[in-house]
Amino acid sequence: MTISVVLAAVALPAASGLAAAALRARPAAGQAVACAALCAGAALGMVAAGAALLGGDVSAPGLGLRVDALSAIFLLPICAVSALGAIYGLGYHRQAALGARSVRLQIFYGLTTAGMVLLVSATSAIVFLVGWEVMALGGFLLVHTDHERAEVQRAAFVYLAATHVGTLALFALFALLRQATGTFDLGGMAGLSGSGPVARGAFALALLGFGMKAGVMPLHFWLPGAHAAAPSHVSALMSGVLIKTGVYGLLRVTGLFDAPPAAWGTALLVLGGASAVLGVAFALAQHDLKRLLAYHSVENVGIIVLGAGLALLGRARGEPALVALGLGGAALHVVNHALFKSLLFLGAGAVQHATGTRELDQLGGLARPMRATATLFLVGAAAISGLPPLNGFVSEWLVYLGFLAAMERGGDDLLAFAVLGVPALALVGGLAAACFAKVVGVVFLGSPRTAHARAAHEAPRAMLVPMAVLAAACAAIGLAPAAVLPALVRAASAWSRLDPAILAGDAARASAAAWRVSAVAAALLLVAGGMVLLRRRLGAPRAPGVETWSCGYSAPTARMQYTGSSFAEALVRRFSWAIFPRGEPPRLGGPFPGEAAFHTEVPDTVLDLALAPGARAVRWLATQAHLLYLRRIQFQVLLVLATLVAVLAWGFVW
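All values derive from a computational prediction rather than experimental measurement.

Cut-offs and rules
Starting from 1, residues in each chain are numbered consecutively following that chain's sequence as written. Only residues with pLDDT of 70 or above have their local features reported here, since the model is predicted, and side-chain atom pairs are shown and tallied only from 80 upward, although totals for entire chains, interfaces and linings are computed over all residues. Excluding hydrogens and water, the side-chain values take into account all heavy atoms of the structure. Elements are defined by DSSP. Helices are runs of H or I of four residues or more, strands are runs of E of two residues or more, and each kind is numbered from the N terminus. Note on method: radius of gyration uses C-alpha positions; expected globular size equals 2.2 Å times residues raised to 0.38. Between buried and exposed lies partly exposed: a residue is buried under 20% and exposed over 50% of the maximum accessible area for its type, with that area taken using a 1.4 Å probe on protein chains only. What sets the accessible areas is the Shrake-Rupley method with a 1.4 Å probe; for residues, cover comes only from the shown protein chains. Charged-residue counts in this description rest on Lys and Arg as positive and Asp and Glu as negative, His and the chain ends being excluded. Charge placement uses NZ in Lys and CZ in Arg. For Asp and Glu, CG and CD serve respectively. For the purposes of this section, nonpolar cores are sets of buried Ala, Val, Leu, Ile, Met, Phe, Trp, Tyr and Cys residues that join through side-chain atoms within 4.5 Å. Each domain span listed reflects an automatic or database assignment of domains. When two components associate, each loses some accessible surface as probed by a 1.4 Å sphere; the sum of these losses over both components is called the buried area. Every case where a carboxyl oxygen of Asp or Glu lies within 4 Å of a side-chain nitrogen of Lys or Arg is listed as a salt bridge. Gly is put with the polar residues, along with every residue not named as nonpolar or charged; the nonpolar set is Ala, Val, Leu, Ile, Met, Phe, Trp, Tyr, Cys and Pro, and the charged set is Asp, Glu, Lys and Arg. The contact definition used throughout considers only heavy atoms, calling two residues in contact when any of these lie within 4.5 Å. Pairs were defined over the aromatic rings of Phe, Tyr and Trp, the Trp ring being its six-membered one, requiring ring centres within 6.5 Å. Orientation was assigned from the angle between planes: stacked under 30 degrees, edge-to-face over 60, tilted for the rest. A helix is expected to span 1.5 Å multiplied by its residue count minus one. Between N-to-C directions, angles span 0 to 180 degrees; the directions come from axes that are lines fitted to C-alpha atoms, helices contributing only their stretch in contact. Any angle that is under 35 degrees is reported as roughly parallel, and any over 145 degrees as roughly antiparallel; angles of 65 to 115 degrees are reported as roughly perpendicular and all others as oblique. If you view the pair so one helix is near and one far, a crossing is left-handed when the near helix is turned anticlockwise from the far one by less than a right angle, and right-handed when it is turned clockwise. Whenever two N or O atoms come within 3.5 Å, that pair is a polar contact, provided that in protein one can donate a hydrogen and the other can accept it, and provided that, for residues adjacent in sequence, both atoms are side-chain atoms. Patch membership requires more than 30% relative accessible area and the absence of a salt bridge. Residues of like charge join within 9 Å; the nonpolar side chains Val, Leu, Ile, Met, Phe, Trp and Tyr join within 5 Å.

With respect to the overall build of the chain
- Within the chain, the regular secondary structure consists of 25 helices and six strands.
- A compact globule built from 654 residues would reach a C-alpha radius of gyration of about 26 Å, and the chain, at 26 Å, matches this within 12%.
- By residue count, 52% of the 654 residues in the chain fall in the buried class.
- A total accessible area of about 27800 Å² is found for the chain, and carbon and sulfur atoms account for 68% of it.
- Side chains of the chain give 43 positive and 27 negative charges; the mean places of these two sets differ by 6 Å.

The structure is reproduced here in structure tokens:
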């Protein structure tokens, strides 16, 4: 297959927004043409990815482009999610209603997609960085869409600052690799020694630069605000695929080194475990639906990083089983998370579109007016909780088996982290299930809490169809994991440079075990569904509709239902060492107190309690130093002298 397919997959999305701009007089037609162009480019990108996964050569060394099995694993969800998001935008962010705002969004949406396709297809560090910067700037402008709101401005500029700190680290990373190898070609860098200062420096820079983009804790601080502030299909794009480019970069760089040290794997296991556990804990404490989903992105990136760390330990110890299960689980979770998290963000967008709010405690009872949205959201909630027979279970199952395989093989570091990894994953799965029980119960069940919820309506078909496609993909991978097995083995082989035949056996056994569990779960669901249908056909009497018992109140109200805060309070308290909610208790006084309200918010520990106060302190010190500099000629002379001495000392040392 010629590289022209990849070039078209970059060019068509990049130019798609121009159609919306050119047809401003006919906004519906302009948006439809832009959507069609982006979908055409996405389809070509999926063709190129499929060809690479089947063993085809999709490369153009002269252009610095090549799609191998590892990049294809990331290219597939990039193309699929971006296309479905563009279709969703036809109903959610209509150009006919929003005018120039929608045109700008479509331009930057296409450019961001093109940047992601370019960077995962790059075999040159220069081309990679071009795609990275296009994606970074496009993402900033997408987050900044509703720029009139102060919280959107803050989220966008925090994202911009964070992403460019990461980009500076990547400049240093590729400069270091270029100095060590004499080339910017990633293929020419392969085979580097895993020991020595170059390897240690490269890993540290990659962890900073790519970890910032991926949202690995504590580098996640930009992510919750940006994902919550962006339009919902942009949130799906960012959470589903944009943050995965950080994972891709980390895998690509660590794959350049032969025999990476075990310390790299243990570092990723520690960071991945912390991200997974604390990500889901912070999600439990949230009141904003999209912010809650954003913290679940931190959790799932943590699961992916756990798998990558296990695979690095496998390479360090010469254990192909750990490479197959760790990298296979991580790669499959990249795809799975793109599917179910995009589904959940699109579902959150449908809720916001119908009610005008994302606050959990202002919703309730939406399952009646929004049956399709509620059903599809429930599928995504079950998938992200790792429940069979859906796709989230399969990828987490592979990582579980990888930890168990590490325990069987022994070794002090492997055994220690395997012992910690299994219960950590189990804890994350349980907390995720509790969190989405809270979300589904508070948002879709019970009675409407406010006029917003009472006025809800079902989402239009343009929004429901992409959600249905994503839900079907979640079910398909969960029920047929063997179908994706060859792609995972090829990706693991491309990363580790091991023979696919060595990796295939362990991956096949794990896939077969996952299928058996999914098959049993599917059979139980079918039996339960059949019993419900049989009961209805036989005309069994329905339970009488009565009000929920309300502790003796004669006139229960919707305010007596559990809120999101009360549902999760007991679990959130277990993380009081890391989560610090703020609340304003109601002020009651007199024999006949009036109405009162209680409000809490959960600041991000890294951004709001560490970085922001630190930035304010630095600004105060800089202001004081500036005033001192202006007022004292002696201080100016001293500063010049100190600078001269520092430069001379650096020159002598260097």
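Some details on the nonpolar core
- One finds Phe 128 and Trp 222 to be the most contacted residues of the largest nonpolar core, which totals 201 residues.
- It is helix α15 (residues 320-355) that contributes the most residues to this core, 21 residues altogether.
- Of the domains in this structure, domain 1 (1-122) and domain 2 (123-525) are the two that each give at least three residues to this core.

Some remarks on the domain arrangement of the chain
- Domain annotation for the chain reports domain 1 (1-122), domain 2 (123-525) and domain 3 (605-653).
- The straight-line distance from the C-alpha centre of domain 1 to that of domain 2 is 21 Å.
- In total, about 4000 Å² of surface goes out of reach between domain 1 and domain 2, with carbon and sulfur atoms giving 78% of it.
- Here Arg 101 makes a salt bridge to Glu 148, at a shortest N to O gap of 2.7 Å.
- The set of elements that each furnish at least two residues to the side of domain 1 that touches domain 2 consists of β2 (65-67), α3 (69-92) and α5 (100-120).
- Looking at which element gives the most residues to the side of domain 1 that touches domain 2, the answer is α3, with 17 residues.
- Tallied by class, the residues present in the side of domain 1 that touches domain 2 amount to 25 nonpolar, twelve polar and four charged.

Comments concerning the environment of Val 440
- Locating Val 440 in the fold gives a position in helix α18 (residues 412-444).
- Since its relative accessible area comes to 15%, Val 440 is described here as buried.
- Remark: the alpha-carbon pair of Val 440 and Gly 365, spanning 75 residues in sequence, is separated by 9.8 Å.
- When residues no more than four places from it in sequence are discounted, the contact partners of Val 440 are Phe 377, Leu 378, Ala 381 and Leu 445.

A closer look at the pattern of salt bridges
- Within this structure, the stated rule accounts for eleven salt bridges.
- In the salt-bridge network here, residues are joined through shared partners; they are Arg 101, Asp 146, Glu 148, Arg 149 and Glu 151.

Re the packing of aromatic side chains
- Overall, the coordinates contain 14 aromatic pairs when judged by the stated rule.
- Ring centres of Phe 128 and Phe 210 lie 6.0 Å apart, and the angle between their planes is 90 degrees; on these two criteria the pair is classed as edge-to-face. Of this pair, Phe 128 sits in helix α6 (residues 125-143) while Phe 210 sits in helix α9 (residues 197-214); the two residues are 82 residues apart in sequence, bridging distant segments of the chain.
- For Phe 128, a relative accessible area of 2% corresponds to the buried category.
- For Phe 210, a relative accessible area of 1% gives the class buried.

Considering the environment of Leu 538
- If you trace the backbone, Leu 538 turns up in the loop between α22 (500-537) and α23 (564-573).
- Take Leu 538: its relative accessible area is 66%, and that puts it in the exposed class.
- Sequence separation between Leu 538 and Leu 378 is 160 residues, and the spatial gap between their C-alpha atoms is 28 Å.

Considerations on helix α16 (residues 371-384)
- Along its 14 residues, α16 runs 20 Å from first to last C-alpha, staying within 8% of the 20 Å computed at 1.5 Å per residue.
- Three or more residues of α16 are buried, namely Thr 373, Ala 374, Leu 376, Phe 377, Gly 380, Ala 381, Ala 383 and Ile 384.
- Positive phi shows up at Gly 386, right after α16, with a value of about 75 degrees.

Things to note about the packing of α9 against helix α13 (residues 262-284)
- Two numbers describe how α9 lies on α13: the axes approach to 12 Å, and their chain directions differ by 20 degrees. Between α9 and α13, the interaxial angle falls into the category roughly parallel. Of the two elements, α9 crosses α13, and the hand of that crossing is right-handed. Residue-level inspection shows Ala 199, Phe 203 and Leu 207 of α9 in contact with α13, the latter providing Trp 264, Ala 267, Leu 268 and Leu 271.
- Along the lines of polarity and charge, the residues of the contact of α9 with α13 split into seven nonpolar, no polar and no charged.

Section: the packing of α3 against α5
- One way to put it is that α3 packs onto α5 with a least axis distance of 9 Å and a crossing angle of 170 degrees. Judged by the inter-axis angle, α3 sits roughly antiparallel to α5. Contacts between α3 and α5 pair Ser 71, Phe 74, Leu 75, Ile 78, Cys 79, Val 81, Ser 82, Gly 85 and Ala 86 from the former with Tyr 109, Thr 113, Met 116, Val 117 and Val 120 from the latter.
- Among the residues forming the contact of α3 with α5, the class breakdown is ten nonpolar, four polar and no charged.

What about α5?
- If you check α5, its first and last C-alpha atoms are 31 Å apart, about what 21 residues at 1.5 Å a residue would give, namely 30 Å.
- Buried residues dominate α5, accounting for 16 of its 21 residues.

A short note on the side chain of Ser 235
- Among the structural elements, Ser 235 can be located in helix α11 (residues 232-242).
- Of note is the side chain of Ser 235, whose polar atom sits 2.6 Å from the backbone oxygen of His 227.
- Within the structure, Ser 235 has its side chain in polar contact with the side chain of Lys 290 (distance 3.1 Å).

Concerning a nonpolar patch on the surface
- A contiguous nonpolar surface patch, about 660 Å² in accessible area, is contributed by Leu 638, Leu 641, Leu 644, Val 645, Leu 648 and Phe 652.
- Along the chain, Phe 652 falls in helix α25 (residues 633-653).
- Taking the relative accessible area as the measure of exposure, Phe 652 reaches 74% and is therefore exposed.

Re unusual backbone geometry
- In this structure, Pro 218 follows Met 217 across a cis peptide bond, with omega equal to 10 degrees.
- Here Pro 218 shows up in the loop between α9 and α10 (223-229).
- Note that the residue after Pro 388, namely Pro 389, is joined by a cis bond; omega there is 10 degrees.
- In this fold, Pro 389 is placed in the loop between α16 and α17 (391-409).
- Its identity is not glycine, yet Ala 259 carries a phi of approximately 50 degrees, on the positive side.
- Within the element layout of this structure, Ala 259 appears in the loop between β4 (257-258) and α13.
- A positive phi is found at Arg 497, a non-glycine position, where the angle reads about 60 degrees.
- Its place among the elements puts Arg 497 in the loop between α21 (485-496) and α22.
- According to the relative accessible area criterion, Arg 497 is partly exposed, its value standing at 39%.

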